[in-house]
There are 2 protein chains.
Amino acid sequence: MNFCPTCGGALHLEPVPGDRLPRHVCRSCRAVHYRNPKIVAGTLPFLGERVLLCRRAIEPRLGFWTLPAGYMEEGETVEQAALRETLEETGAEVSLRGLHCVYSLPHVSQVYLIFLAELRQSEFNPTDESSEIHLVRHDEIPWTEIAFSSITFALQRYFSGESGGVARTFIGRHGEAP
Amino acid sequence: MNFCPTCGGALHLEPVPGDRLPRHVCRSCRAVHYRNPKIVAGTLPFLGERVLLCRRAIEPRLGFWTLPAGYMEEGETVEQAALRETLEETGAEVSLRGLHCVYSLPHVSQVYLIFLAELRQSEFNPTDESSEIHLVRHDEIPWTEIAFSSITFALQRYFSGESGGVARTFIGRHGEAP
């Protein structure tokens, strides 16, 4: 961040009254600009004992397997973002069944919010973002070919049986042992 | 967003290949700049049958009551942000007891993530952000003087008994009937 998005003036890291961290302040218009973590919203779609995995058709981690998820947009609720990403990446319509996990990746300032989602029917299709989509059982999950630690976490917790049949939320972070 | 934070060039809303929405693109360096919702992380601190409320010493909603919460910073986990905000706004040290609610405010592109948090002891103090802090019982909550709909939602769900004693997560949004 070098220039003010509002007026184009030069930004400098400066102390701001009442704030404990220096912020990017514009010397021309005095606007203060903050940097914030991003929300990645998605779902863990299931049908009976199987879950829906997508093979990534785009970088990063092209060819690895993931769950449908992507950056939340302004003006959305988290649930709308999760449903939209699921439809865009898999063509599947799902019904949300509670929040499954909150997973922080502090080194890249992202937070994954992944919902459990029941597939309404076995209808889904490859998309620009997913070259293959499969419903897989627990023993068919390609654990060594999962794209991101957030997705491994979500799948492990789903199959751990820890929820005891109640929609509860698992909290995790990148770099922590499962 | 008028100017490129990277190079200071003029930004224009343009279609981006593979993206469904126009984005702010710099005509000089071709960087694409996204706008993302912000995470507000906080806690609902409890001690026995009472919860901790803070009277806001700052705008917006100065003088109204709230729970300790604030913008998550880059490089943090959600839990670290919730603990930091609680300490900064109340001086209280708490132990997190699971995620309590996820509340979207799409009109201002914010998402509240509020954890249940057990007070380790009855130690807290006014701060620059909180003019008064009180432990209150259910029948003492000033419902008409709560600062934000997210906080009303969190308190209502906490006292609704719906959790059945299990740490589960309530999903809500601004503008929806409780």
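Residues numbered from 1 in each chain as written. Chains lettered and ligands numbered in written order. Predicted model: local features only at pLDDT ≥ 70, side-chain atom pairs only at ≥ 80, totals over all residues.

1. A short note on the overall build of chain A
Thought 1: Of regular secondary structure, chain A possesses two helices and 11 strands.
Thought 2: By residue count, 41% of the 178 residues in chain A fall in the buried class.
Thought 3: Taking the intrachain contacts of chain A between residues at least 6 apart in sequence as the baseline, contacts between residues at least 24 apart amount to 62%. (Helix = DSSP H or I, 4+ residues; strand = E, 2+ residues; numbered from the N terminus. Buried ≥ 20, exposed ≤ 12 C-beta atoms within 10 Å, placed from the backbone. Contact = placed C-beta atoms within 7 Å.)

2. Remarks on the interface of chain B and chain A
Thought 1: Tallying the contact residues gives 37 residues for chain B and 37 residues for chain A.
Thought 2: Tallying contributions element by element places strand β8 (residues 94-105) of chain B first for the side of chain B that touches chain A, with four residues.
Thought 3: A breakdown of the residues in the side of chain B that touches chain A according to their chemical character gives 18 nonpolar, 11 polar and eight charged. (Nonpolar A, V, L, I, M, F, W, Y, C, P; charged D, E, K, R; others polar.)

3. A short note on the sheet that holds strand β1 (residues 11-14) of chain A
Within a sheet, adjacent strands bond to each other through the backbone by hydrogen bonds, running parallel or antiparallel.
All names here are of chain A.
Thought 1: Taken in spatial order, the three strands of this open sheet run β1-β2-β3, and their pairing is antiparallel. A strand with exactly one partner marks an edge of an open sheet, and here the two such strands are β1 and β3 (32-33).
Thought 2: Across four bridges, β1 lies against strand β2 (residues 23-26) in antiparallel orientation. What sits directly across from E14, in β2, is R23. (Pairing = 2+ DSSP bridges.)

4. Here's the deal with the relation of the copies chain B and chain A
Thought 1: Under the fitted operation, chain B is carried onto chain A by 0.0 Å of movement along the axis and a turn of 180°, and the coordinates agree to an RMSD of 0.0 Å. On the angle and the small slide along the axis, the relation comes out as a two-fold axis. No C-alpha of chain B approaches the rotation axis more nearly than that of B:R168, which lies at 2.3 Å.
Thought 2: Taken together, the interface assignments show that 100% of the residues at the interface of chain B recur at the interface of chain A, consistent with an identical surface on both copies. (Least-squares fit on C-alpha atoms with pLDDT ≥ 70 in both.)

5. Brief notes about the nonpolar core
Thought 1: Formed by 84 residues in total, the largest nonpolar core has its most connected members in A:L113 and B:L113.
Thought 2: In this structure B:L113 touches A:V102, B:I39, B:A41, B:V78, B:L99 and B:V102, once residues within four positions along its chain are discounted. (Core = buried A, V, L, I, M, F, W, Y, C linked by C-beta atoms within 7 Å.)

6. Considering helix α2 (residues 149-159) of chain B
All names here are of chain B.
Thought 1: Residues of α2 that are buried: S150, I151, F153, A154, L155, R157 and Y158.
Thought 2: Residues of α2 that are buried make contact with β4 (38-47), β5 (50-56), β6 (65-66), β8, β9 (110-119) and β11 (170-173).
Thought 3: One or two positions beyond α2, positive phi appears at G161, with a value near 75°.

7. Quick notes on the domain arrangement of chain A
Thought 1: What the domain assignment lists for chain A is domain 1 (1-35) and domain 2 (38-173).
Thought 2: Inter-centroid distance (C-alpha atoms) of domain 1 of chain A to domain 2 of chain A is 36 Å. (Domains from an automatic or database assignment.)

8. Structural notes on the environment of B:L155
Residues and elements named next belong to chain B.
Thought 1: Locating L155 in the fold gives a position in helix α2.
Thought 2: L155 sits in the buried class, given 22 other C-beta atoms within 10 Å.
Thought 3: C-alpha of L155 to C-alpha of R56: the two residues are 99 residues apart in sequence and 17 Å apart in space.

9. Details of the sheet that holds strand β3 (residues 32-33) of chain B
Thought 1: Strand order in this open sheet of three strands is β1-β2-β3 (chain B), and the pairing throughout is antiparallel. Taken across any chain shown, the strands that pair with only one partner, and hence form the sheet edges, are β1 (11-14) and β3 of chain B.

10. Some details on helix α1 (residues 78-90) of chain B
Thought 1: Counted at 1.5 Å a residue, the expected span for α1(B) with its 13 residues is 18 Å, and the 18 Å between its end C-alpha atoms agrees.
Thought 2: Remark: B:G91 follows α1(B) within two positions and exhibits a positive phi of approximately 75°. (Expected span 1.5 Å × (residues − 1).)

11. Some points on the pairing of β11(B)
All names here are of chain B.
Thought 1: Burial along β11 is two-sided: F170 and G172 and I171 and R173, pointing in opposite directions, are all buried.
Thought 2: As defined by bridge partners, β8 adjoins β11 across four bridges and the pair is classed as parallel. The residue bridging S104 from the neighbouring strand is R173, located in β11.

12. Things to note about unusual backbone geometry
Thought 1: Cis peptide bonds are those with omega within 30 degrees of zero, and the linkage from A:E59 to A:P60 qualifies with -5°.
Thought 2: Summarising the element assignment, A:P60 is placed in the loop between β5 (50-56) and β6 (65-66).
Thought 3: Unusually for a residue other than glycine, A:R61 sits at a positive phi of about 65°.
Thought 4: On the secondary structure map, A:R61 appears in the loop between β5 and β6.
Thought 5: The backbone of B:S109 sits at a positive phi, close to 55°, despite the residue not being glycine.
Thought 6: By the element assignment, B:S109 lies in the loop between β8 and β9.
Thought 7: By the C-beta count within 10 Å, which is 16 here, B:S109 ends up partly exposed.

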